[in-house]
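Chain residues, written in single-letter form:
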Amino acid sequence: MSDDSQQNQPRMTTDAPPGLSVQDVSLSLQRFGLADYLVFSTMLLVCIGIGVYFGWKDHQKQKHKAASSVRRGSEALDYLVGNRRMKIFPVAMSLVASWISGIALMGAATETYLYGIHFGFIFTGIILMAFSMNFIFLPVFHSLQITSVYEYLEIRFDTRIRLLGSVLFTLATLSHLPIVVFVPALAFNQVSGINIHFITTIVCTVCIFYTSIGGIKAVVWTDVIQTVVMVGALILIVIKGTADIGGLSVLIERNVASGRIEPPNFSLDPTERTTIWAIFFGGGSFWVAKNAIHQMMIQRYLSLPTFRDAQKSLVVFTIGITFLMSICFYNGLLIYATFHDCDPLTTKLARAKDQLLPILVMKVFGDYPGLAGLFISGIFSASLSSLSTGLNSLAAIVLEDFVKPFTKNPLTERQTRYLMRGTVLVFGVIAVVLVLVVEKLGTVLQLSMSLVPISLGPLLGMFLMGMLLPWIDAKCAFAGACTGLTTMAYVVIRAQIAIASKEIVHPTKPVSTVGCTYHFDNVTAVYQDPMIHEEFDKSIHHVSFLFYTLIGVCSTAIPGLLYACCFGKQEVSQLNPLVVAPFLRSHFFPKKTADQNNLVHLYEKAETKL
């Protein structure tokens with residue numbers, strides 16, 4: 001072995017105290033005491049209390065209404081969108097809480113620790129998402145006053161497309177929720193030693209309970225409480241952790257020296273992991289898909305009375321999400337600055353990559369009763385908000401897309417109530433069971449952005465065809481969606497195989513163990529030796545995982561447009577102007593647009609007065 005390669009290998013320190021091993025250090029960090037359990041339990045009890053309160057309140061309201069005066073469907077309207085009378089601030093807080101799940105809290109920190117700050121430029125993709133939602137998606141959804149986002153696909157195309165969209169959303173959500181559940185369980189296991197599956201079952205039971213009985217109101221208001229806890233925990237980590245290492249200047253110096261703080265990568269090579277183009281176009285497409293056409297997010301916007309209220313919530317959400325993501329990336333830099341000379345992954349102090357942040361928390365807060373519990377409460381709060389919102393959204397999809405279109409007689413209020421709550425229970429149990437699968441897979445941030453686009457990319461392509469390409473009819477849209485799904489399934493599955501076989505390797509930033517004060521063995525570097533990797537011919541599956549959603553969009557919309565050119569176009573004049581993006585309406589429907597806009601304004605004024 002050459003001298004250079006020997007220098008790249010992690011070394012075990014020789015001046016460690018006799019008998020002190022990595023197992024001893026790991027046990028010493030598991031100082032989750034009575035005060036911490038009390039803080040964590042209080043958070044769960046507050047969530048239960050909010051669910052019980054809104055469940056009782058809705059029950060009383062239904063009970064005191066005479067059967068003749070209750071409008072059919074009011075149970076579903078209240079449970080799923082709060083009668084479209086929710087307030088701007090709690091909805092905006094709920095949107096932030098639902099997006100910043102444990103995946104973002106811990107995954108973004110892990111991403112920064114392993115690969116540097118490049119992914120932090122995702123704020124450019126967030127801006128792309130905000131503009132597209134404001135000018136394309138939200139105006140259309142609010143104009144149509146729908147409950148299920150995928151009802152739009154039936155209005156614009158036909159029932160087949162609606163069912164396809166609903167199925168794709170269900171699959172994407174079911175692949176996402178187990179990751180959401182698994183991440184905070186990792187953190188809890190790291191700080192307390194309690195079995196992952198035990199704590200997963202307990203916490204998910206609480207979430208299923210308050211979501212099923214309280215509906216969207218319980219989801220939104222628990223999100224508000226959980227956001228406060230989450231933000232408080234993150235700010236405490238930033239302040240105390242930075243002070244412990246000697247200040248911001250030390251953090252910057254250590255991360256610049258290791259190459260973690262660096263300017264954007266403007267390379268045009270699409271196979272590089274995080275170029276600025278991959279982050280803006282690819283990551284931006286992912287953010288659009290996860291916000292603009294995702295039932296979990298849009299359902300909250302549709303619970304607001306007017307489009308103007310939805311715009312205000314979007315502004316608050318964009319600012320809040322940018323701020324919180326910045327804190328998450330900062331924590332990744334803080335982890336490295338704290339462990340710059342004793343990497344927890346190399347020494348196996350962290351048994352999984354996404355346990356790095358919990359280790360930092362126990363090092364910073366371990367001697368302060370209750371603060372570690374506050375952090376774990378923050379992690380679980382972020383994930384519970386995503387889980388509860390996902391379950392509530394699945395209830396909306398099952399009711400509106402899988403049941404109502406196929407029932408001969410309208411559902412009674414009682415049948416609707418039991419169906420929605422039963423859906424929450426069933427999908428909650430499925431999410432807990434699927435944690436067993438997620439446990440065997442890799443880093444959660446890349447995993448979630450790699451698997452979900454199989455369905456999410458084509459789904460976004462279907463909506464963009466509907467809103468921006470009015471010449472495409474239902475048959476061509478369906479054919480385009482099938483083409484996109486086939487393409488994405490190949491790209492993503494082939495890429496996962498390539499990653500497993502080391503055909504795709506992304507080098508991580510350097511780490512060191514020269515400052516470790518404990519013994520460890522079975523040393524394996526967490527970064528790649530650049531000298532030994534075999535070269536492979538590049539193919540489409542070698543592109544950055546950030547491009548997956550964009551590939552799904554293009555492989556759906558472009559074939560759909562080509563099919564329309566070859567086999568016949570949609571008669572644009574026959575469409576409802578409200579299904580097209582607002583800036584296209586005056587061009588394609590000059591006579592209808594003014595009347596339609598007047599109707600929308602009158603409706604919003606009436607809702608505001610109510």
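The structure displayed is predicted, hence computed values, not measured ones.

Just give me the short version of the overall build of the protein, but keep the residues and values in it.
A count of helical and extended segments in the protein gives 23 helices and zero strands. Looking at the 610 residues of the protein, the share that counts as buried comes to 60%. In the structure as shown, the protein presents an accessible area of about 24600 Å², 65% of it carried by carbon and sulfur atoms.

Describe helix α21 (residues 548–567), listing the residues and the values that go with them.
Two residues of an α-helix separated by three or four positions point the same way, owing to the 3.6 residues in each turn. The terminal C-alpha atoms of α21 lie 28 Å apart, and with 20 residues this matches the ideal 28 Å at 1.5 Å per residue to within 8%. Positive backbone phi, approximately 115 degrees, marks G568, located one or two places after α21.

I'd love a proper account of the environment of L234, names of residues and values included.
Along the chain, the position of L234 falls in helix α10 (residues 196–245). Classification of L234 by relative accessible area gives buried; the value is 3%. Note: C-alpha distance between L234 and F375 (141 residues apart in sequence) is 7.4 Å. Beyond its immediate stretch of four places on either side in the chain, L234 contacts L105, L324, I327 and N331.

Explain the packing of helix α7 (residues 123–144) against helix α19 (residues 453–468) residue by residue, including any values.
Interaxial distance between α7 and α19 falls to 11 Å at its minimum, and their mutual angle equals 75 degrees. With respect to α19, the element α7 is oriented roughly perpendicular. Mapping the contact onto sequence places I136, F137, V140 and F141 in α7 and L460, F463, L464, M467 and L468 in α19. The class makeup of the residues in the contact of α7 with α19 is nine nonpolar, no polar and no charged.

Summarise the pattern of salt bridges; cite the residues concerned and give the values.
Close approach of charged atoms allows side chains of opposite charge to pair. A full pass over the atoms with the stated rule returns seven salt bridges. A salt bridge links R162 to E154, with the nearest nitrogen and oxygen atoms 2.5 Å apart. Residue classification places R162 among the buried residues on the basis of a relative accessible area of 6%. A relative accessible area of 29% places E154 in the partly exposed class. In this structure, the salt-bridge partner of K404 is E400, at a minimum N-O distance of 3.2 Å. For K404, a relative accessible area of 34% translates into the label partly exposed. Judged by relative accessible area, which is 11%, E400 ranks as buried. Residues participating in the shared-partner salt-bridge network are E154, R162 and D401.

Mind laying out the packing of helix α5 (residues 88–99) against helix α14 (residues 307–338), listing which residues take part and the relevant values?
Put simply, α5 and α14 touch, their axes get as near as 8 Å, and they point 40 degrees apart. Put simply, α5 runs oblique to α14. Relative to α14, the crossing made by α5 is right-handed. Taking contact as the criterion, the partners of I88, V91, A92, L95, V96 and W99 in α5 are, on α14, D309, K312, S313, V316, F317, G320, I321 and L324. A class-by-class count of the residues in the contact of α5 with α14 yields 10 nonpolar, two polar and two charged.

Tell me about a nonpolar patch on the surface, and please be specific about residues and values.
Taken together, the side chains of F123, I127, F131, F135 and F583 make up a nonpolar region of the molecular surface, amounting to roughly 520 Å² of accessible area. Here the nonpolar patch takes four residues from α7, the largest share from any one element. Relative to the assigned elements, F135 resides in helix α7. Using a relative accessible area of 45% as the deciding quantity, one classes F135 as partly exposed.

Describe the state of the cysteines, and please don't skip the residues or the numbers.
Taken as a whole, this structure holds one disulfide when the rule is applied. There is a disulfide in this structure between C342 and C516, and the S-S distance comes to 2.0 Å. Between C342 and C516, the disulfide has an S-S torsion of 105 degrees and is therefore right-handed. Of this pair, C342 sits in the loop between α14 and α15 (356–365) while C516 sits in the loop between α20 (474–500) and α21, and the two are 174 residues apart along the sequence. There is no split in this pair, since C342 and C516 are both buried. You can see C565 has no disulfide; the closest cysteine sulfur is in C566, sitting 6.5 Å from it.

Run through the confidence of the model for the protein, naming residues and quoting values.
For the protein, the average pLDDT comes to 80, and 83% of its residues sit at 70 or higher. Within the protein, helix α11 (residues 248–257) carries the highest mean pLDDT (95), whereas helix α1 (residues 3–8) carries the lowest (40). Confidence drops under a pLDDT of 50 for residues 66–73, and excluding neighbours within four residues, the segment shows 10 contacts in the predicted structure. With pLDDT under 50 throughout, residues 524–533 is counted as low confidence; its partners more than four residues away or in other chains account for 23 contacts.

Which residues make up the nonpolar core, and what values go with them?
Counting 179 residues, the largest nonpolar core has I100, F137, F141, Y152, F317 and F463 as its most contacted members. Leave out the neighbours within four places in its chain, and F317 touches L95, V96, W99, M129, N291, M297 and Y301.

Hey, could you go over the environment of V398 for me, with residue numbers and the actual values?
Looking at where V398 falls in the secondary structure, it is placed in helix α16 (residues 371–403). Under the relative-accessibility criterion, V398 is labelled buried at 13%. Through-space distance from the C-alpha of V398 to that of M420 is 7.8 Å; in sequence the pair is 22 residues apart. In this structure V398 touches V403, L419, T423 and F427, once residues within four positions along its chain are discounted.

Lay out unusual backbone geometry with the relevant residues and their values.
Positioned with a positive phi, Q145 is a non-glycine residue whose angle comes to about 55 degrees. Among the secondary structure elements, Q145 is positioned in the loop between α7 and α8 (151–156). One non-glycine residue, K348, lies in positive phi territory at about 70 degrees. Structurally, K348 can be placed in the loop between α14 and α15. On the accessibility criterion, K348 (42% relative accessible area) is partly exposed.

Describe in detail the environment of T170, supporting the description with residues and values.
Looking at where T170 falls in the secondary structure, it is placed in helix α9 (residues 159–192). Here T170 is in contact with L394, I397, F402 and F427, once residues within four sequence places are set aside.

Scoring rules and cut-offs
Residues numbered from 1 in each chain as written. Predicted model: local features only at pLDDT ≥ 70, side-chain atom pairs only at ≥ 80, totals over all residues. Heavy atoms only, no water. Helix = DSSP H or I, 4+ residues; strand = E, 2+ residues; numbered from the N terminus. Buried < 20%, exposed > 50% of the residue type's maximum accessible area, 1.4 Å probe, protein only. Areas by Shrake-Rupley, 256 points an atom, 1.4 Å probe, with all protein chains shown as cover. Expected span 1.5 Å × (residues − 1). Contact = heavy atoms within 4.5 Å. Axes fitted to C-alpha atoms, helices over the stretch in contact; angles between N-to-C directions. Parallel < 35°, antiparallel > 145°, perpendicular 65-115°, else oblique. Nonpolar A, V, L, I, M, F, W, Y, C, P; charged D, E, K, R; others polar. Salt bridge = Lys/Arg side-chain N within 4 Å of Asp/Glu carboxyl O. Left-handed = near helix turned anticlockwise from the far one by under 90°. Patch = residues over 30% accessible without salt bridge, like charges linked within 9 Å, V, L, I, M, F, W, Y side chains within 5 Å. Disulfide = S-S within 2.5 Å. pLDDT = per-residue confidence, 0-100. Core = buried A, V, L, I, M, F, W, Y, C linked by side-chain atoms within 4.5 Å.

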